[in-house]
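In case you want the letters, here they are:
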Amino acid sequence: MSEALPNVSTGRPNFDLILDTILKSWPQHERYLRVNVAERDGELMDFSEELSAIICKLGREGHDGLASLVEDYRFICEKIVLPEELYFRRHGTYRLKTFEEAFRTVYSDRAFMTRYMNGLLVTDVIWINHCRCMMNYRKEFLPMLKEGASLLEIGPGHGLLLYLADAMENVSKVTAWDVSDASLALAASTLKTMAARRPVTFEKRNIFDASIMNPEFAARFDGIVLSEVLEHLEDPLKAIEVLYHACKPGGLVWINVPANSPAPDHLYLVSDISEPVALVKQAGFEVVAEHFYPTSGTTPEKARARKLTANCVIIARKPVSVAG
């Protein structure tokens, strides 16, 4: 039972450890955490413990301790999300418009990016919309892949999705693409710390490079993952068309994109899941499932009406009749 949250008994030691570590340094976050935890049913609570165990191990062995990750989580909430949320509420748009602006002000700042990525790792279990996305990926999407599937993740971030895919018996080969050597190194470090079962292939690639559309990349993967990437792009449709090109006929893609979620490097503003769903269909995919996961303390209906933060998850299939 958590000492910091005496009226919330999760019975999950790693999840409680993260909650306690947050509240020891940030007691003002208690009300949010109470609402957040109360919304989780048994299945999501069990999955929260599974994720928490991974994050706690990464904190102990791959970073400067769990307390350091938690401090970076607070940094995201107070120094990154809050100022951008205020701008979004005043203007109805994201602050930046071009990738060049994001690169100059965010991506080129290594210290900032380190804290940003560390904090995002903690959000995957603490922010309920993120946690629900992770559970959907693990329990709905990955089991849908065929036996012996080859899986590509574009923009693997901290590598948590790669690790979950590596643990699946039906996935035989995992590949990661990213434009950043530092990002690839971070994901590789996560897999090393967690003692991944098999080698993951890391490749430095820009999906907007014209060579990606060459025949050598056509129909290469049974599954493709694009999580929290579209919002960083100026041309999201072109990115989805790359997924279509690289996906085998009958293969599946898992796309996770936030709606109404301002951040200093977000460019593509999604207001509702219908918008990315339309892009996925325009690229030629057949939508298999779609999920709209709002932030804590609201419902999907209220989130849509008030333009509150939510995550949009789309599972889509490339038609079998298509050759390339």
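A word on unusual backbone geometry. Positive phi values are uncommon outside glycine, yet Ala-195 reaches one of about 55°. Relative to the helices and strands, Ala-195 is located in the loop between α9 (181–193) and β3 (201–204). Notably, Ala-219 is not glycine yet its phi reads approximately 50°, a positive angle. Structurally, the position occupied by Ala-219 is in the loop between β3 and β4 (221–227).

With mixed pairing, 7 strands are arranged side by side in an open sheet as β3-β2-β1-β4-β5-β7-β6. The outermost strands of the open sheet, each flanked by one partner alone, are β3 and β6 (286–294). Pairs of neighbouring strands in the sheet enclose a mean axial angle of 15°, with direction left out of account. Sheet strands touched by helix α7 (residues 128–144): β1 (149–154), β4, β5 (247–259), β6 and β7 (310–317). Its angle to β6, the strand with the most contacts, is close to 155°. Helix-sheet contacts for helix α11 (residues 274–282) involve β5, β6 and β7, and the interaxial angle to β7 is about 20°.

Turning next to the state of the cysteines. Applying the stated criterion to the full structure yields 0 disulfides. Here Cys-56 is not cross-linked by a disulfide; its sulfur's nearest cysteine counterpart is in Cys-131, at 13 Å. Just so you know, Cys-247 is unpaired, no disulfide at all, and the nearest cysteine sulfur is the one on Cys-133, 20 Å from it.

To continue, consider the nonpolar core. In this structure, Ile-18, Ile-126, Tyr-137, Phe-141, Leu-142, Leu-151 and Trp-254 are the most contacted members of the largest nonpolar core, which totals 67 residues. If you look at the next biggest cluster of nonpolar residues, it comprises 38 residues, including Ile-255, Leu-279, Phe-285 and Phe-292.

Here the focus is α11. Buried within α11 we find Pro-276, Val-277, Leu-279 and Val-280. All buried residues of α11 fall inside an arc of 160° around its axis, so they share one side. Facing away from the buried side of α11 by over 90 degrees, the exposed positions are Lys-281 and Gln-282. Contact partners of the buried residues in α11: α10 (236–246), β5, β6 and β7. Downstream of α11 by one or two residues, Gly-284 has phi in the positive range, about 115°.

This part covers the pairing of β7. Here β7 lies mainly inside the structure; 7 of its 8 residues are buried. In this sheet, β7 lies alongside β5 in antiparallel orientation, the contact comprising 8 bridges. Bridged to Leu-252 within β7 is Arg-317. Bridging between β6 and β7 involves 8 bridges; their strand directions are antiparallel. Directly across from Tyr-293, in β7, lies its bridge partner Asn-311.

Burial runs high along β5: 10 of the 13 residues are buried. Relative to β5, β4 is paired through 6 bridges, and the arrangement is parallel. Considered in β5, the bridge of Gly-223 is made with Leu-252. With α10 bridging β4 and its parallel neighbour β5, the resulting β-α-β unit is right-handed.

Definitions and limits used
Residues numbered from 1 in each chain as written. Predicted model: local features only at pLDDT ≥ 70, side-chain atom pairs only at ≥ 80, totals over all residues. Heavy atoms only, no water. Helix = DSSP H or I, 4+ residues; strand = E, 2+ residues; numbered from the N terminus. Pairing = 2+ DSSP bridges. Axes fitted to C-alpha atoms, helices over the stretch in contact; angles between N-to-C directions. Contact = heavy atoms within 4.5 Å. Disulfide = S-S within 2.5 Å. Core = buried A, V, L, I, M, F, W, Y, C linked by side-chain atoms within 4.5 Å. Buried < 20%, exposed > 50% of the residue type's maximum accessible area, 1.4 Å probe, protein only. Arc of directions from axis to C-beta. Right-handed = clockwise from strand over helix to strand, strands pointing away.

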